[in-house]
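Structural description and commentary
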Amino acid sequence: MSEGTYPFALGGVSVWCDQLVRGLPEYRWEAVALTVDGRERPRWDMPANVDRVVSIPLWSAGGSGRRRPRGRPAAVFRAAYDALLTALTTPPEESPHRAAVQRSRFLLALRGLYEFAAGGGDLGAAIRSNAALGAMQDRWREVGAALGFDHPALAGRPHRLTLADAAQAATLIGHMLRPLAVPPVRADVVHCAMNGLSTLVGMTAKWAHDTPLLISEHGVYLRERYLEQVKGDLPHAVAVLLLGFQRGVAGAAYHLADALAPHSAYNRRWQLRNGADPGRMWTMYNGVAPELFPSAKTEPDEPTIVYVGRIDPLKDLHTLIRAFALVRERVPGARLRICGAASDLRYRDSCLALIEQLGLTGAARMEGSVPDVVEAYHSGNVVALTSISEGFPYSVVEAMACGRTMVCTNVGGVSEAVGDAGFVVAPRDADAIADACVTLLRDPELRRELAAKARQRVLDRFTLAQSLDDYRGLYEQLVTPALQRAPAGGAAGVPRAVVGRAAAGRALIPHPVSPAEANRRDAGGLAGPGLARGTSAGARR
Amino acid sequence: MSASAGAGTRLTSMAVAARGLATDETIEMPITGLEPMLVRPQPSTDPLDALVAEIHAREGGRFVDELQVTALLEAHGVTDRTARVQYGYQDVFELAREARVRLTGLAERPRRRPGRRRQRGQTLRELCHGALYLLPCVLFPAAVAGAQPRPLVLAIVAAGLLGWVWAGGIGWLAYQYLNAGDEDAAGRFLAASAVAGVGVAAVLGAAIAATRGGGAAVGLLVPAVAAYQMASTLLLFYRDEAWLVALMSPAALAGIAFLLGDHGVPAAAIVPAVVSIAATFGVAVRRALVAGAASVVEAGRRRGLRAVLRGNWLTFSLVITHTALLAALILLAQAPYLTDRFDVLVAALPLVVSMGFVEWRARRFGERSRDMLHERWGPRGFRRRVLLLAAANAGACWLVAAAAAVATLAALRLADRLTPAATAMAAANVALAGACFLIFVLAGLGGYGRLCVVLALALGAHFAARPLVAIAVAWSSPAAALTDTVAFLGSAVLLVGLLTAVLAPSLGHVRKYR
């Protein structure tokens, strides 16, 4: 699936998962991945501490093959689905209190659907049944009538939900709920690499085995789902239901998570807005191993701008190409290297067409995936990233470690990464990007000064060792209460951690935390030594 | 002149006209003050209006909720600081809430779902399918004249079964390629498998000729009939029925001339037929290859046959099985009469000639039932209407086939060849016309497994019922043909009943219509 990452896809989140699994060899892991149809092949070599990889295909044909139960399980389904429909059709609550109630209800609905599936019910078939579709239509109409069809929050919605829209929404939601029908993982910690559907795996483990749930968020899952649908081709009513579902899942996961680790302070805003508890949040920045990204000793012969990353609409390479056209007018002979694999072939083709249209053929090159990203960073005077949505991108930190100056757009945690060691401009502003690039290309002294600052900033704040220490400390905190009660799921004395959406695993804790230490940390809001980078109040050191 | 200026002028002139009629108290009112007050609002100085106008111009005005507007604003570079400093809102979320309200005011009404374009050309093409399915028959009279009856019957049945099943299988697989977005592979696959199918048919024909006799006529008949079926499958797949008609016309004319011309030299009919079939086959294969080569397929979407079949083996097996069962049900009922019972054979025409109508109604049923999902009904209303729609279409198929049957039986009566067996065969084929419609509908809903079961039961009933009919109805000569055709009629009616029974519960399930 487009959201699928480790170990079936490349990209920043997969890099982070691999770093975490390899960097914490004292833990044993299971990798749980939501995939498209289960036919994907792993793109990463599994380290020895990964016990197994579990693929949960969301979009493969066929259902669970279970029979539709009658009697009480069907009643369980009706009650849970009714609550889910209420949440899907009701616009976001403005009042924080009522929003919290809405999230709790959604979570209860998910739990009811999980119990229905665990009791042998075919969730997908039940959701797509005529009765369920009729209930969806009824609830849509009732919510409209209750709020008033002219209510601002319902603006743009049709008064009636057609069967076609209801069936399409139910089919999509049925697929997305498949993780609820999978037997819950057994581990000491479930660690989701992002919010969204993967957290359903964590929810079932929590309901079944009381397993602590940790969610890391690199970007903001919900924001990206919303952006996808701005130009999406779904009918409006289906988009309303689908995004209502995504919003509900994200809010429920925030509500249920024992710990939430946003990978940038900026993204905390969305999380807090959607119900995350600031007392359970710790900002954790991505880190890189500086020795793997040595500082460049020389500069290229020709003025060169480099982009390293996926070829994807979220990266807004059109703006980069347009900005480069402006740069070429002012810095003749400038070059643009776009390095990275295309996750969207049509978008790649549109970039190539734009390069040709702007007369940049030869000067701007799309080089595809490159074997050596360090060489790619070193080959530019300036490294550019013009995304419209980001978490805390590795490419920025890696380029800074390589002693290259960044020109970035101000999205997600980019400005926190770059600080005063580069240029951060507004997204989609080709003029501003071009101005920043030209300034840097024309001023070698400024380039050198900012490059040195960038490298030092990474060494001070964004190393892999720091990041791993932070997570190690967080795992210890999460499993400590479980150790005091009883092992959660696994055999006694063999605690396990699961990193899901991507990774799950079994963790052998080398230094169990003493009850006294645990109490001290509890009192301090989990702000143990490994978590010094973020505090429960969200301030950064 | 702008619209607002025009409206202002109209208002002023109305006011001037009104002054003449007004009382003294209103005469003193200034006229000119009306224009700016009523029709020319001050340009907005709120920067949010400019932002909203920009978003509306770029992305339209329909957003799911304020969070979507927030995401969009952030993607355009609006930060909490910008929201405070430039727009005076606490953060982007608050700014987005207000922006959404204003955007909604600018949103266009959702466009009505465009109706289906009238597809007269497609309808005409489909209606002529029945006649196209009859075309292989042009070979039979000449072949009968030149070959022994028993091997010939075996060859015709074998060719019909092989061609029907092969064509059904490759057609289904080609659609799987198309569903995967690989038209190129679909074309290449169709071309290669059509050639392979004719090769298999040639081997089969040679085997029948070698083991059962019949000579070259039998050896040639099987690959010729198979080649025609492959060619028609390919040309129908690419909606090129016109080529099929044009290229097969000489064969049809020669066959008719042979039939009407007091059965002259068989070669006079066979040679044009073979040439026409060869030409049609060549054109069809080329058409498939050209269609494939013309398509642009993304590198990642190219798939091999194994990839297409992965996860679909069971469905593919069921497609093949139900096609074989249907072919067996129809062909085995006609086979005994191929050489010496012209009356019974002709009585099978109503099904063949009405098959184009049946295909057309099946397609329209699929389209109309999906269209109904966009109307205002709930699941109950949909179920009621879709059942009525299916019943009406099945009834139409029966009516058309019945009309063809009446015409056929009338012709037989005029020729003094009408027999009870022919009447029973015609009635069975009328029943089968409606059954075929229900089969297409059930296949369209993915019920291949159920199709296999009901077709197997109907086929079994045909053979099992013959002795029972013979016992129950002590007809005199010609009992064999009559008991067989009456049993066939019973199996066709049973098939209709079984199809109705398996279809009715699932026909109203909305999830089946994807």
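Note that residues are indexed from 1 along each chain, following the sequence as it is written. Whichever chain is written first becomes A and whichever ligand is written first becomes 1, with later ones labelled in order. Only residues with pLDDT of at least 70 are given local features in this predicted model, and only at 80 or more are side-chain atom pairs given and counted; all residues enter the totals for whole chains, interfaces and linings.

A few words on the overall build of chain A. For helices the rule is a DSSP run of H or I covering at least 4 residues; for strands it is a run of E covering at least 2, with both sets numbered from the N terminus onward. Of regular secondary structure, chain A possesses 19 helices and 13 strands. Three classes are used. A residue is buried when 20 or more other C-beta atoms lie within 10 Å of its own, exposed when 12 or fewer do, and partly exposed in between, with C-beta atoms placed from the backbone. By residue count, 55% of the 541 residues in chain A fall in the buried class. For every residue pair, C-beta atoms are placed from the backbone, and the pair is scored as a contact if these atoms sit within 7 Å. Long-range contacts, defined here as pairs at least 24 residues apart, represent 73% of the contacts in chain A between residues at least 6 apart.

Looking now at the pairing of strand 10 (residues 405-409) of chain A. All names here are of chain A. Among the five residues that make up strand 10, five are buried, leaving the element largely enclosed by the rest of the structure. Burial along strand 10 is two-sided: T405, V407 and T409 and M406 and C408, pointing in opposite directions, are all buried. For two strands to be treated as a pair, DSSP must find at least two bridges joining them. Looking at chain direction, strand 9 (residues 382-385) and strand 10 are connected through four bridges and run parallel. Paired with A384 across the bridge in strand 10 is V407. When the strands point away from the viewer and the path from the first strand over the helix to the second turns clockwise, the crossover is right-handed. Between the parallel pair strand 9 and strand 10, the chain is carried across by helix 14 (residues 394-401), and the sense of this crossover is right-handed. The pairing of strand 10 with strand 11 (residues 422-425) spans four bridges and is classified as parallel. Bridging across to strand 11, C408 finds its partner in V424.

Moving on, we come to the environment of A:A334. Residues and elements named next belong to chain A. Position of A334 among the secondary structure elements: in the loop between helix 11 (317-330) and strand 7 (335-339). Taking the C-alpha atoms as reference points, A334 and R223, separated by 111 residues in sequence, lie 35 Å from one another. Discounting residues that sit within four places of it in the chain, A334 has contacts with P303, I305, V327, R328 and L441.

Right, let's talk about the environment of A:V101 for a bit. Within the secondary structure, A:V101 is located in helix 3 (residues 96-118). Considering only alpha carbons, one finds A:V101 and A:M284, 183 residues apart in sequence, at a separation of 29 Å.

Moving on, we get to the sheet that holds strand 6 (residues 304-308) of chain A. Residues and elements named next belong to chain A. One open sheet accounts for six strands, arranged 8-7-6-9-10-11; its pairing is parallel. Either end of the sheet is taken by a strand with one partner, and the two such strands are strand 8 (364-368) and strand 11. Strand-to-strand twist of the sheet, defined as the mean angle between neighbouring strand axes without regard to direction, takes the value 20°. Only C-alpha atoms enter the line fits that serve as axes; for helices the fit covers just the stretch in contact. Angles between N-to-C directions range over 0 to 180 degrees.

Let us now look at the interface of chain A and chain B. Listed as interface residues are 38 residues of chain A and, on the opposing side, 33 residues of chain B. Elements that contribute at least two residues to the side of chain A that touches chain B include exactly helix 5 (130-147), helix 6 (163-176), helix 8 (221-230) and helix 9 (236-256) of chain A. Charged means Asp, Glu, Lys or Arg here, nonpolar means Ala, Val, Leu, Ile, Met, Phe, Trp, Tyr, Cys or Pro, and polar covers whatever is left, Gly included. Here the residues of the side of chain A that touches chain B are counted per class, giving 22 nonpolar, nine polar and seven charged.

Between its first and last C-alpha atoms helix 20 (residues 379-414) of chain B spans 52 Å; for 36 residues at 1.5 Å apiece the expected length is 52 Å, and the two agree. Taken from the residues just after helix 20 of chain B, B:D416 is the one with a positive phi, measuring 60°. By this rule, a helix spans an expected 1.5 Å times one less than how many residues it contains.

Before going further, it helps to examine the nonpolar core. By convention the nonpolar core is taken to be a set of buried residues drawn from Ala, Val, Leu, Ile, Met, Phe, Trp, Tyr and Cys and joined through C-beta atoms within 7 Å. Residues A:L113, A:I433 and A:C437 are the most contacted members of the largest nonpolar core, which totals 321 residues. The element contributing the most residues to this core is helix 21 (residues 420-444) of chain B, with 18 residues. With near-sequence residues (within four places) excluded, A:L113 lies in contact with A:A80, A:Y81, A:L84, A:L123, A:L177 and A:L180.

Once that is clear, we can look at helix 5 (residues 66-75) of chain B. Given 3.6 residues per helical turn, the α-helix brings residues three or four places apart onto the same face. Burial analysis of helix 5 of chain B places ten of its ten residues in the buried class, the great majority of the element. Every buried residue of helix 5 of chain B is listed here: B:E66, B:L67, B:Q68, B:V69, B:T70, B:A71, B:L72, B:L73, B:E74 and B:A75. Here the buried face of helix 5 of chain B lies against helix 8 and helix 9 of chain A together with helix 4 (47-59) and helix 7 (92-106) of chain B. Just downstream of helix 5 of chain B, B:G77 is the residue with a positive phi angle, here 95°.

A word on the confidence of the model for chain A. All names here are of chain A. Across chain A, the average pLDDT comes to 84, with 86% of residues at 70 or higher. In this model, residues 482-495 is a region of pLDDT below 50 whose contacts with residues beyond four sequence positions or in other chains number 30 contacts. Here residues 499-541 scores under 50 on pLDDT; set against residues more than four positions off or in separate chains, the count is 129 contacts. One confidence number per residue, pLDDT, is output by the predictor and ranges from 0 to 100.

A word on the environment of B:L349. All names here are of chain B. Of note, L349 is situated in helix 19 (residues 349-372). Between the C-alpha atom of L349 and that of A404, which follows or precedes it by 55 residues, the distance is 7.7 Å. Filtering out sequence-adjacent residues up to four positions away, L349 remains in contact with A404 and T408.

Attention now moves to the packing of helix 11 of chain A against helix 12 (residues 345-357) of chain A. Relative orientation and spacing of two packed helices are given, respectively, by the angle between their axes and the distance between those axes. All names here are of chain A. In contact at an axis separation of 10 Å, helix 11 and helix 12 are set at 15° when each is read in the N-to-C sense. In terms of orientation, helix 11 lies roughly parallel with respect to helix 12. Of the two possible hands of crossing, helix 11 and helix 12 adopt the one that is right-handed. Contact residues: L317, H318 and I321 in helix 11; C351, L354 and I355 in helix 12. For this classification, under 35 degrees means roughly parallel, over 145 means roughly antiparallel, 65 to 115 means roughly perpendicular, and everything else is oblique. The sense of a crossing depends on the near helix, which, turned anticlockwise from the far helix by less than a right angle, makes the crossing left-handed and, turned clockwise, makes it right-handed.

Looking now at unusual backbone geometry. Residue and element names in this part refer to chain A. A positive phi angle is found at D210, which is not glycine, with a value near 60°. Of note, D210 is situated in the loop between helix 7 (199-209) and strand 4 (213-217). Here D210 falls in the partly exposed class, since 13 other C-beta atoms lie within 10 Å of it.

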